[in-house]
Amino acid sequence: MNKALTNKILITLAFLFAYRVLAYVAVPGVNADVIAEFFNNNQNNALGLFNVFSGGAAERFSIISLGIMPYITASIIMELLAATFPNIGKMKKERDGMQKYMQIIRYATIFITLVQSIGVAIGLQSLHGRGGVNAIILEDTNTFIALCAISMLAGTMLLMWIGEQITQKGVGNGISLIIFAGIVSAIPRAIENTVGQINSGEMNFLSAFAIFVLILLTIGIIIYVELGERRIPISYSRKVVMQNQNKRIMNYIPIKLNLSGVIPPIFASAILMFPATILQSSTNSYLQAINDFLNPNGYIFHILTFFFVIFFAYFYSSIVFNSKDIAENLKKQGGFIPGIRPGEGTANYLNEIASRLTLSGSIYLGLIATLPWVLVKFMGVPFNFGGTSVLIVVQVALDTMRKIEAQIYMNKYQTLSAVGL
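The name recorded for the protein in an unreviewed UniProt entry is Protein translocase subunit SecY, from Campylobacter novaezeelandiae. Of the protein, the UniProt comment under Sequence similarities (unreviewed entry) reads exactly: "Belongs to the SecY/SEC61-alpha family."

Listed below in structure tokens is the structure:
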């Protein structure tokens, strides 16, 4: 590694450290013990998953308690609009338009953060701990709501800025690395809780060993699938002037089995956790009925999760993999797939292969995403060991490794070019 890559890694680590520091900066005017008790009683539901993704910031009621989810929700909305309205999709492809596109996402993030923070502040008014201790210390409710909204908005904006800085100046995708750091920070406590359950007799050693083996098996499956790809052979015809003959050069287009990556589980979690965050503290009977209907310990929640993941896998794959652009670029470069007509025929062929791969990849993602419920319901394992969490950690780690390796190879090529080799 050269100095530039080392600096990028150090910058990434510095921003992630700043993110972890922010997780301990609490919103003024709340009783931290009551909040911690509340989340301790809700470890195995949507709030538990929300707390994991926020890196424990939610149970401390930090200024970044909402995590990066408002930004992800805003991105989901804009992606849907870009796929629905051609003008927005065209704006996204242009350089100047992309800046406007990202600016709209930022404004949408502000709006969503304000709505969620105000909803959480209002919900805390009815939250009490042991002995009837109120979760809010401030007597003036309106002051607390305003203070909570401003603090959480500042925290989410800081988090969004950190993510963008990591993407631009560091290594890897900033938003993914923030979620990665939040999940990894919860692993030591999860291990501690598991050991505590074994010591207290709530879980026997054989169950713990089976869980450990299952986690390793899950990681192995994820790595195997994430590295899997279908290679489409490409032939390039090039005329060699010196020999006065045509020479055919073979290459291939790699199409990953999981084209959409980690996005579908994150999108599905963000959408299903959004109403849970708002409705959890509501006293309205109808809203409580909706909240109970979306209870993460029920079948409906995981059926919805499975189908949401499949939907977003197809949706995001259609955005990431543009067969028309690939076919046009191949045609311009004189490349073709043996036995397939260039142009529209190539695009249709690539679409057909991508669709088949996405079907298998989406089912794989759906099964991994619903694994937490199986573990919690049948084995009593802490929620932190969920399949979605493992999937995000492994995928982000693999993606970051690829980008670091790409930087290393690029530095090698630049060094060889400099010495004239």
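Concerning the overall build of the protein
The helix and strand inventory of the protein stands at 15 helices and three strands. Contacts in the protein between residues at least 24 apart in sequence constitute 74% of all its contacts with a sequence separation of at least 6. For the protein, the accessible area works out to roughly 22,100 Å², and carbon and sulfur atoms hold 63% of it.

A short note on the nonpolar core
Counting residues in each nonpolar core, the largest one holds 64 residues, and the members touching the most others are Phe61, Ile72 and Leu124. The element that contributes the greatest number of residues to this core is helix α7 (residues 141–169), accounting for eight residues. A domain-level breakdown of this core finds at least three residues from each of domain 1 (1–186) and domain 2 (203–420). Membership of the second largest hydrophobic core comes to 13 residues, among which are Ala268, Leu365, Ala369 and Leu398.

Examining the packing of helix α1 (residues 3–22) against α7
Relative orientation of the contacting elements α1 and α7 amounts to 170°, with a least axis distance of 9 Å. One element, α1, and the other, α7, form an angle in the roughly antiparallel class. In this structure, α1 uses Lys8, Ile11, Thr12, Phe15, Leu16, Ala18, Tyr19 and Leu22 to contact α7, whose residues at the interface are Leu158, Leu159, Trp161, Ile162, Gln165, Ile166 and Lys169.

Digging into the packing of aromatic side chains
Overall, the coordinates contain five aromatic pairs when judged by the stated rule. With 5.6 Å between their ring centres and 80° between their planes, phenylalanine 15 and tryptophan 161 make a pair best called edge-to-face. Of the two residues, phenylalanine 15 sits in helix α1 while tryptophan 161 sits in helix α7, which places them 146 residues apart along the sequence. With a centroid separation of 5.6 Å and an interplanar angle of 90°, the aromatic rings of phenylalanine 306 and phenylalanine 307 are classed as edge-to-face. With relative accessibility at 53%, the residue phenylalanine 307 sits in the exposed group. Residue placement shows arginine 20 over the ring face of tyrosine 19; its charged tip is 5.5 Å from the ring centre.

Conventions used here
- Residues numbered from 1 in each chain as written.
- Predicted model: local features only at pLDDT ≥ 70, side-chain atom pairs only at ≥ 80, totals over all residues.
- Heavy atoms only, no water.
- UniProt positions renumbered as here; feature names shortened; annotations may be inferred.
- Helix = DSSP H or I, 4+ residues; strand = E, 2+ residues; numbered from the N terminus.
- Contact = heavy atoms within 4.5 Å.
- Areas by Shrake-Rupley, 256 points an atom, 1.4 Å probe, with all protein chains shown as cover.
- Core = buried A, V, L, I, M, F, W, Y, C linked by side-chain atoms within 4.5 Å.
- Buried < 20%, exposed > 50% of the residue type's maximum accessible area, 1.4 Å probe, protein only.
- Domains from an automatic or database assignment.
- Axes fitted to C-alpha atoms, helices over the stretch in contact; angles between N-to-C directions.
- Parallel < 35°, antiparallel > 145°, perpendicular 65-115°, else oblique.
- Phe/Tyr/Trp six-rings, centres within 6.5 Å; stacked < 30°, edge-to-face > 60°.
- Lys NZ or Arg CZ within 6 Å of the ring centre and 35° of its normal.

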